[in-house]
Amino acid sequence: MNFGFSFLQGIFAFILLILFLLFYFKTSKTVKKTFYPIMFFKSVSLKSKRKFFLKYFFRNKYFFIQLLILFLFLLLFLKPFFIVKNNSFLNNNIIVVDTSASTSKNFKNLISTVKKNLGSKNTIILSGKPARIFLEDSNYQNAVFKLSFLKPEIKSSDFENALILAYDKIKEKPYENYNVLIVTDLKSKLPSTVNFLKSKNISVSIIPIENNNNNNNYNHNNGNNNNNIDNVGFVNYDFKNNNVYLKVKNFGNKTKNVVVQSKLKKVNFSLNPFSFKTIVFPLNEKENIIKLYSDNDYYDFDNTFYFYNPSKKNVNVLLITTKNNNSVEKALKSINYVNVNIDKNKLGVINKNYDIIILYEYNPKLLLPSFFNDIKNQNALIVISKTKNINSLNSILPFKFFSQKEGSFKVFKKQNFVLNNNVDFSTVKNPYSTFLEKNNTIVLAETKDNDIVVSYTKNNIGRIIYFGYDDNDVFKNTPSFPLFFSNIVDFSSGINDFYKYNIDTNRILEFNSKKTIFYPNKKIPVFENTVNFNTPGFYKIDNNILAVNFFDEEESNPFVKENYAFIKKNFKTKVDKKIYLNNILLFLILLLLFLELYFMKKDLLI
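Model, not experiment: these values are computed from the prediction. (Residues numbered from 1 in each chain as written. Predicted model: local features only at pLDDT ≥ 70, side-chain atom pairs only at ≥ 80, totals over all residues. Heavy atoms only, no water.)

### Some thoughts on the sheet that holds strand β6 (residues 178-184)
One open sheet accounts for 5 strands, arranged β5-β4-β3-β6-β7; its pairing is mixed. This sheet does not close on itself; its edge strands, each paired only once, are β5 (132-138) and β7 (203-208). For this sheet, the mean angle separating the axes of adjacent strands, direction not counted, is 15 degrees. One ladder, built from 4 bridges, connects strand β4 (residues 122-126) with β5; its direction is antiparallel. Bridging across to β5, Leu-126 finds its partner in Arg-132. In the packing of helix α5 (residues 140-147) onto the sheet, the strands contacted are β4 and β5, and the crossing angle to β5 comes to about 150 degrees. (Pairing = 2+ DSSP bridges. Helix = DSSP H or I, 4+ residues; strand = E, 2+ residues; numbered from the N terminus. Axes fitted to C-alpha atoms, helices over the stretch in contact; angles between N-to-C directions. Contact = heavy atoms within 4.5 Å.)

Structure below.
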C-alpha cells in the first residue's frame, strides 16, 4: 500500500507552514498568558527562557486545536490518498447481473461477486424479466453504494434483452473499449446474443456467483447435481369452474412426502423423483393462499400460491331467439350468478340495462331499427350465432359470408384468449365460408380451410363475438359448451376475470398518475406511478387487489443443466485503486471545531 498526494502544488503551502512553525519556535520569547482564538499568533515578547514556549504551548488548548485545524486544512488541500491493489478491469464494464428467482438463495454472494468485478466506470443491467438498466456509467464508489440497496427479484431470466441493452450501450460509443461480464448462477440458458457479441469482437466473460457457504448447490466445472439438495414446488396452474389446478414437481432424485394446504382443503401425497402431480383446490371469494410443505426444500419462492377471486355479482343477460329451451339458454341458466331474460317477441326491445345481449337463431327482419343504436348506448356484448340470414349482419361483422359448406369439420383453436381458455371446440356442421376484412379481429377458432367459426372484435357498436354453431352441432353436448359461455359472462361483465386480478411477477405496470400502492407484507404505502412486481403476494393499488405469482420450472430447478464453455475464471487484472482521505479529514476538522466551541463555552469565553 502506497501513500501520495493528488494536488502537488499544495506541497509548497505545506512546506511554508512547517518553515513558519520552525521559525516561530526558534525566535519566540513567551510569557505566561492566556491565548484566545484567532489571536494565538499575536504574542507578547519578553525576556525569558526558550523552554517556557513549549511548556505553555501544550498547556494552551486553543492554540493546539487551531494549529491542528490549519494542519488538516492544508493536508486536505493536498488531496491525500493511498493506493491498494484491486482485481478489476481497466476499461468500461457492462455487467449483466442475473437477478432471476434462482439467485435469491445466494443473493448476498451475488452482490459480493458483482462488487469484486467493478471497474472505474460501470453500467449494470439486471436480467430479471423484463431486463432493464440499473446503473449507467457509474464510478466504483457509487456502484458499490447503489448495489447495497439492490433487493432480490422473483422473476424469470431475460438474458436476451439484457444483452441487447448491453449492445445498444456499446453502439452509443463505439470508440470506447467495453468488457461485458455476465454474473450468473449458471442455471439460465444464455441466448445466441452471446455469440453475436463475440462476433463483433466484444469481450464477453461468464462469472459464476461465488459461494462461500457449505450449501454449494452446483459445480462450476461439470454441473453435477449435489445429492444434499432437494426441491419440490409449484410449477404451473390453471383455473376452471372456481377451482385451481396446481402442478407440483419433485426436482430431486429422492421420493418426497408433500403436504399442500389451504383454508378449505389439505392434501398429503408422495412424489417420486423427477415427477409431476396435479392437485385440485377449491377457491374462496377474495384472497386465497395455498401452501406447499416438504422437508429440506431448497427454494421458498415456489411453495406458495396466491389467488384473488372477487365477489360475484349478478349478471343480466338478454337472449333474443326464435327457439325455446335451446342449448344457449340452458348453458346460461347453469351459471348461478346469471339472470337470463328471454325476448319472446324477438323485436330486440331493450328497456333496461343488460351486461350481455345475445342474438341466437333469430330473425333479423323482426328487429326494431333502433336495436343496434341501443346496443351501442349500452356498450353491451353481442353474441351472434349461425343463422340463415347471416348476410344481413355484414354491416357489423368484420368479415363476409359466402355459401355454406356441407358436412362436419374439425375446429382448431387459432390462438389462446380468455374466451376460449380450456375450451375444445370439437366439430361444426355446415359452416359458412368466410373472408376476413378487418385486422382488429381475434380469430379464436377456425376449420382447416380457414373458415371462421369463433371470433372476437371490438368496434363502434361494442364488443362482438361471432359464434358459428347451432343446436345441431356436437359441441353443444360437450363440457366445453357451458364453459365457453361461462367465459363469455366473466369476460364481458368484468367480474371473476381471472386474468384481470391474477398476474405473474414478470411485469411492470405504469400509470398516468401516482397511485397508492401497498406491497406484500408492508403496512406503509408508497405513492408511485410504476409498480414492479418483483415479489409474489397480494398488491393493493388504490382500491384494487392483485394476486401476483411466480412459477418457472427452470428457475425452480436447483441444479445446473448447462456446461458453459467460456467461463473465465482468471479474467481479472490487477489495477491500482486510489482511496481518497478527503472525507476523513473533513470529519476530523469538523470534530475539532466542535471541540473548540465546547472549551470556549466551558471557559465562559462565549
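### Re the confidence of the model for the protein
Within the protein, residue pLDDT values average 78, and 77% of them lie at 70 or more. Every residue in residues 37-53 is under pLDDT 50, and counting partners more than four places away or in other chains gives 30 contacts. Low confidence marks residues 569-575, where pLDDT is under 50. Its contacts with residues over four positions away, or in another chain, come to 18 contacts. (pLDDT = per-residue confidence, 0-100.)

### Things to note about the nonpolar core
With 37 residues, the main nonpolar core has Phe-425, Val-454, Phe-467, Tyr-469, Phe-484, Phe-485 and Ile-488 as its most contacted residues. For this core, the element with the most residues is helix α10 (residues 480-493), which contributes 7 residues. Setting aside its immediate chain neighbours within four residues, Ile-488 contacts Ile-356, Leu-381, Val-383, Leu-419 and Ile-465. By size, the runner-up hydrophobic cluster in this structure holds 22 residues, among which are Ile-357, Ile-382, Leu-397 and Ile-464. (Core = buried A, V, L, I, M, F, W, Y, C linked by side-chain atoms within 4.5 Å. Buried < 20%, exposed > 50% of the residue type's maximum accessible area, 1.4 Å probe, protein only.)

### Notes on the sheet that holds strand β21 (residues 427-429)
Pairing within the open sheet is mixed, and its 9 strands lie in the order β16-β15-β17-β18-β25-β24-β23-β20-β21. Unpaired on one side and paired on the other, β16 (338-343) and β21 mark the two borders of the sheet. Each adjacent strand pair in this sheet contributes to an overall mean axis angle of 20 degrees, direction not counted.

### Here's the deal with a nonpolar patch on the surface
A cluster of nonpolar residues, Ile-584, Phe-587, Leu-588 and Leu-591, forms a patch on the protein surface that exposes about 390 Å² of accessible area. Within the secondary structure, Leu-591 sits in helix α13 (residues 582-602). (Patch = residues over 30% accessible without salt bridge, like charges linked within 9 Å, V, L, I, M, F, W, Y side chains within 5 Å. Areas by Shrake-Rupley, 256 points an atom, 1.4 Å probe, with all protein chains shown as cover. Salt bridge = Lys/Arg side-chain N within 4 Å of Asp/Glu carboxyl O.)

### Focus: the packing of aromatic side chains
Applying the stated rule across the entire model yields 26 aromatic pairs. Summarising the aromatic geometry, the rings of Phe-305 and Phe-551 are spaced 6.1 Å apart at their centres and angled 15 degrees between planes, so their arrangement reads as stacked. Here Phe-305 is found in strand β14 (residues 304-309), whereas its partner Phe-551 is found in the loop between β30 (544-549) and α12 (553-556), with 246 residues between them in sequence. Here Phe-475 and Phe-481 contribute two aromatic rings whose centre-to-centre distance is 5.5 Å and whose plane-to-plane angle is 75 degrees, an arrangement assigned as edge-to-face. By the ring-pair criterion, three or more aromatic residues cluster together here, those being Phe-425, Phe-467, Tyr-469, Phe-475, Phe-481, Phe-484 and Phe-485. Seen from the ring of Phe-276, Lys-247 lies directly overhead, with NZ or CZ sitting 4.3 Å from the centre. The ring of Phe-281 is capped by Lys-265, whose NZ or CZ atom sits 5.4 Å from the centre of that ring. (Phe/Tyr/Trp six-rings, centres within 6.5 Å; stacked < 30°, edge-to-face > 60°. Lys NZ or Arg CZ within 6 Å of the ring centre and 35° of its normal.)

### What to know about the pattern of salt bridges
Scanning the entire structure with this criterion turns up 12 salt bridges. Here Lys-515 makes a salt bridge to Asp-542, at a shortest N to O gap of 3.7 Å. Pair noted here: Lys-515 is in strand β27 (residues 508-518) and Asp-542 is in the loop between β29 (537-541) and β30, with a separation of 27 residues, a long-range link. The partly exposed category is assigned to Lys-515, whose relative accessible area is 21%. A relative accessible area of 33% means that Asp-542 is categorised as partly exposed. One continuous salt-bridge network, built from bridges that share partners, spans Glu-136, Asp-137, Lys-169 and Glu-172.

### Some thoughts on the packing of helix α4 (residues 107-116) against α5
Helix-helix packing is described using two parameters, namely the angle between the two axes and the distance between the axes. Viewed as axis vectors pointing N to C, α4 and α5 meet at an angle of 175 degrees, and their least axial separation amounts to 10 Å. The angle between α4 and α5 places the two elements in the roughly antiparallel class. Taken together, the residues of α5 that come into contact with α4 (itself represented by Ile-111, Val-114 and Lys-115) are Tyr-140, Val-144 and Leu-147. Here the contact of α4 with α5 is composed, by residue class, of 5 nonpolar, no polar and 1 charged. (Parallel < 35°, antiparallel > 145°, perpendicular 65-115°, else oblique. Nonpolar A, V, L, I, M, F, W, Y, C, P; charged D, E, K, R; others polar.)

### As for the packing of helix α3 (residues 61-77) against α13
In contact at an axis separation of 10 Å, α3 and α13 are set at 160 degrees when each is read in the N-to-C sense. Relative to α13, α3 is oriented roughly antiparallel. Seen from above, α3 lies across α13 with left-handed handedness. Here α3 contributes Lys-61, Tyr-62, Ile-65, Gln-66, Leu-68, Ile-69, Leu-72, Phe-73, Leu-75 and Leu-76 to the contact with α13, which in turn contributes Asn-582, Leu-585, Leu-586, Leu-588, Ile-589, Leu-592, Leu-593, Leu-595, Glu-596, Phe-599 and Met-600. Class assignment of the residues belonging to the contact of α3 with α13 gives a composition of 17 nonpolar, 2 polar and 2 charged. (Left-handed = near helix turned anticlockwise from the far one by under 90°.)

### Re α13
Under the 1.5 Å per step criterion, the end-to-end length of α13 is 30 Å for 21 residues, consistent within 8% with the ideal 30 Å. Regarding α13, the residues found buried are Leu-585, Ile-589, Leu-592, Glu-596, Phe-599 and Met-600. Each buried residue of α13 sits inside an arc of 100 degrees when the element is viewed along its axis, so together they form one side. The exposed set on the far side of α13, more than 90 degrees from its buried face, consists of Asn-583, Phe-587, Phe-594, Lys-601 and Lys-602. At the exit of α13 stands Leu-604, carrying a positive phi of roughly 60 degrees. (Expected span 1.5 Å × (residues − 1). Arc of directions from axis to C-beta.)

### Notes on the environment of Phe-281
Structurally, Phe-281 can be placed in strand β12 (residues 276-282). In this structure, the C-alpha to C-alpha distance between Phe-281 and Tyr-245, residues 36 residues apart in sequence, is 6.6 Å. With sequence-adjacent residues up to four places away left out, Phe-281 is seen in contact with Asn-243, Val-244, Val-260, Gln-261, Ser-262, Lys-265, Lys-266, Val-267 and Ile-290.

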